[in-house]
Amino acid sequence: MKDWMERNWQFVTTGISGVLIVVGSLIGNDVGDFWTAVIFLSAFVIGGFEQAKEGIAATIKTKKLNVELLMILAATGASIIGYWFEGAILIFIFSVSGALETYTTNKSKREITKLMAFQPERAFRFLPNGDVEEVAAKDLQLDDRVLVRPGESVPIDGVIVRGSTTLNEAAINGESVPVEKTVDAEVFGGTVNVSSAITIKVTQTFDNTIFSKIIRLVETAQSEPSKTARFIERFEDVYVKAVLLFVLVMMFLPHFALGWSWNETFYRAMVLLTVASPCALVASVTPVTLAAISNGARHGILFKGGVHLENLRGVKAIAFDKTGTLTNGTPELTDQIFKEHIDKQQVINVAAAMERQSLHPLAAAITKALDIEVTDKLTEIEVTDVPGWGVQTSYKGETWQVGKAGYVGAENAVKFSNGAFERLASEGKTIVYVAKEGEIVAMFALKDTCRPEAIRTIQALKAKGIKTIMVTGDNAQTGAAIQAELGMDRVVSGCLPEKKVDVLKELSVTYGSVAMVGDGINDAPALAHAAVGIAMGEGTDIAMETADVVLMKNDLEKIPYAYTLSERLHWISWQNICFAIAVILLLITANVFQVINLPFGVVGHEGSTILVILNGLRLLKSNRK
């Protein structure tokens, strides 16, 4: 009950105010003017106290006028000339809109509240003797061993050292489908262990976990307004002063110029004070921005502020880092070609045994692929590493080599490939040869494969009229092959890390506003210089900290979703702004021609405020497909 009251007390006080207004209007004639005034004054105080307190405190703090003060003045003025009921109705509906705006803000912030609820507080740590002790999750240290049982939340980031299980990682990446994890797999604090008990080794302190970073990012985002919201805030002070000046003129000019009575003149001035207040205009942007940020957080897209979400719709081109962003970041064996009439199994066994002892990334990829086909691991083989070229060994008195064409004999390589090299190279693949006694017996083609969602992402962005550019350090041939595979508009090849900022500046001259997507330390400067920097959540910490937007799951398809979210934010914000201005102008005109009274002015003005808030709530829902 206490928690419910804390969340809804504004609705309660508003309801009490409404009840007092009904009571006052029903028994006013029976109890006399004094008690009628007391009842309506009580409705004023109970319904309007919080709004008045906030308005006065904000004025004192910022030394700027605000809409809350206009409402207080309008209600007070109406009461002075005997319109207690109208003044009370004004306070009541203003209180309703204030309570609804608070509800909207809290609902928009519910995603961070949900995240906080997922953040584990306790953990079960192994002692040196094998016993388990319960400790606070924040007290865990690096390399501690922690037991996580089925149904429990993983208390901190780490790697599995014993057991295998299924984890629900929705709190981290927005993906509802559980993933299987086994020994050496990374796990993240805040995810839920679904199936089996596991033991993890702590790899991050509590404050540096992915989960803690997400919470800090969302909290920061919700406190940073968009450019439109900042403009509305600056506009409010000037507008309120203009309204007060206009009201002051309205209190005297009609009496002398048009012959209105003093009572009618003052009444119309109070109506003007009510209908000209920019309540709906002030509420037209901030609630919708918070709703959009919360929508993104629920889908694993973290915006570091409303301004970045707003800027995204203005992007005309997006530059992508290649390795780890468009591609998986690790090469895979894609093609195997063997000499005719050769003992293929022997070649596989020897090549796998040799590459297993090499530290080169290509060797790891070959070993991973060939291990499936190996029938004898040949552990007795010892290799000589020739840096930059390949490896060599002697097996059964014969010399074997694995490496580049220049290492095994360029002429032999060209003769063996018989055109295959040109075809594979045009596909962006790297070629490794296997030679036995100086004769090439096999060639392997490897490639850093594209992410499955990359093609769909590029197509979706192009459908929105956004140019896509790949920025890579690879040679032109490899870059062109991947560009063709993904269907990108342009590729910048041979781009060294330190040159990415210069490339981004050149792209900005060509296309205008350019976003950058990357995941590595070398992408951080470019992310900082981009109109919108987008970091892959599984990338480096510095990339995440530098970027304006973070994709918590390395899902490129979240980029078109984020762009659509930005478009919806812009569209709904300006719907609200135009609607609010139109209502204000209509009500002011109606008041000047004396065709609207205070109750209708109150309903029209505060009703428009409620409508723009409800319109903003639409952004809490997922994008329309």
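Residues numbered from 1 in each chain as written. Predicted model: local features only at pLDDT ≥ 70, side-chain atom pairs only at ≥ 80, totals over all residues. Heavy atoms only, no water.

A. Layout of the overall build of the protein. When helices and strands are tallied, the protein shows 25 helices and 22 strands. The buried share of the protein, taken over its 625 residues, is 51%. Look at the contacts in the protein between residues 6 or more apart in sequence, and 68% of them connect residues 24 or more apart. When the accessible surface of the protein is totalled, it reaches about 28900 Å², and 58% of it is carbon and sulfur. (Helix = DSSP H or I, 4+ residues; strand = E, 2+ residues; numbered from the N terminus. Buried < 20%, exposed > 50% of the residue type's maximum accessible area, 1.4 Å probe, protein only. Contact = heavy atoms within 4.5 Å. Areas by Shrake-Rupley, 256 points an atom, 1.4 Å probe, with all protein chains shown as cover.)

B. Summary view of the sheet that holds strand β11 (residues 317-321). With mixed pairing, the seven strands of this open sheet are ordered in space as β10-β22-β21-β20-β11-β18-β19. Because the sheet does not close on itself, it has two edges, and the strands there are β10 (301-303) and β19 (490-492). Geometrically, the sheet is characterised by an average inter-axis angle of 20 degrees between neighbouring strands, direction not taken into account. Pairing of strand β21 (residues 532-536) with strand β22 (residues 549-551), which is carried by three bridges, proceeds in the parallel orientation. Its bridge partner being in β22, Ile534 is matched across the sheet by Val549. (Pairing = 2+ DSSP bridges. Axes fitted to C-alpha atoms, helices over the stretch in contact; angles between N-to-C directions.)

C. Expanded view of the layout of surface pockets. Computed from the structure, the second largest pocket encloses a volume of approximately 900 Å³. What lines the second largest pocket is a set of 37 residues, among which His360, Leu362, Thr430, Ile431 and Val432 lie closest to the centre. Per-element accounting of the lining of the second largest pocket gives the leading share, four residues, to strand β16 (residues 430-436). Residue composition of the lining of the second largest pocket, grouped by class: 17 nonpolar, 12 polar and eight charged. (1 Å grid on protein atoms, 1.4 Å probe; cavity = no way out; pocket = protein on both sides within 12 Å on 5 of 7 lines; lining within 4 Å. Points joined across faces, edges and corners; volume = space filled by probe spheres on them. Nonpolar A, V, L, I, M, F, W, Y, C, P; charged D, E, K, R; others polar.)

D. Representation of a nonpolar patch on the surface. Taken together, the side chains of Leu245, Phe246, Leu248, Val249, Phe252, Leu253, Phe256 and Trp262 present a nonpolar region at the surface, about 850 Å² in accessible area. Secondary structure elements with two or more residues in the nonpolar patch: α7 (227-250) and α8 (253-257). In terms of residue count, the dominant contributor to the nonpolar patch is α7 (four residues). Position of Phe246 among the secondary structure elements: in helix α7. (Patch = residues over 30% accessible without salt bridge, like charges linked within 9 Å, V, L, I, M, F, W, Y side chains within 5 Å. Salt bridge = Lys/Arg side-chain N within 4 Å of Asp/Glu carboxyl O.)

E. View of the pattern of salt bridges. For the structure shown, the criterion picks out 15 salt bridges. Lys500 is paired through a salt bridge with Asp321; the nearest N and O atoms lie 2.9 Å apart. With Lys500 in helix α21 (residues 500-511) and Asp321 in strand β11, the pair connects residues that are 179 residues apart, well separated along the chain. Neither residue differs from the other here; Lys500 and Asp321 are each classed as buried. Connected through shared salt-bridge partners, Arg125, Glu133 and Asp144 make up one network.

F. Here's a closer look at the nonpolar core. In this structure, Val243, Val247 and Leu273 are the most contacted members of the largest nonpolar core, which totals 40 residues. Where this core is concerned, the elements lending two or more residues are α1 (2-62), α2 (67-80), α3 (84-108), α7, α9 (262-275), α24 (558-592) and α25 (598-616). Considering every element that reaches this core, the biggest residue donor is α9, with eight residues. Discounting chain neighbours no more than four positions away, the residues touching Leu273 are Leu70, Met71, Leu73, Ala74, Val243, Leu244 and Val247. In terms of nonpolar packing, the next biggest core, distinct from the first, is built from 39 residues, Val315, Ile466, Val549 and Tyr563 among them. (Core = buried A, V, L, I, M, F, W, Y, C linked by side-chain atoms within 4.5 Å.)

G. Representation of the environment of Lys467. Within the secondary structure layout, Lys467 lies in strand β18 (residues 467-471). Excluding residues within four positions of it along the chain, Lys467 makes contact with Lys316, Ala317, Ile318, Asp489 and Tyr511.

H. Representation of the packing of aromatic side chains in the model. Counting across every chain of the model gives three aromatic pairs. Geometrically, the ring pair formed by Phe338 and Phe444 is edge-to-face, given 6.2 Å between the ring centres and 75 degrees between the ring planes. Taken together, the residues span a long stretch of sequence, with Phe338 in strand β12 (residues 327-338) and Phe444 in strand β17 (residues 439-450) at a distance of 106 residues. The burial state of Phe338 is the same as that of Phe444; both residues are buried. Each member of the aromatic cluster is reached from another via a ring pair, and the members are Phe252, Phe256 and Trp262. A cation sits over an aromatic face here: Arg149 above Phe124, 4.2 Å from the ring centre. (Phe/Tyr/Trp six-rings, centres within 6.5 Å; stacked < 30°, edge-to-face > 60°. Lys NZ or Arg CZ within 6 Å of the ring centre and 35° of its normal.)

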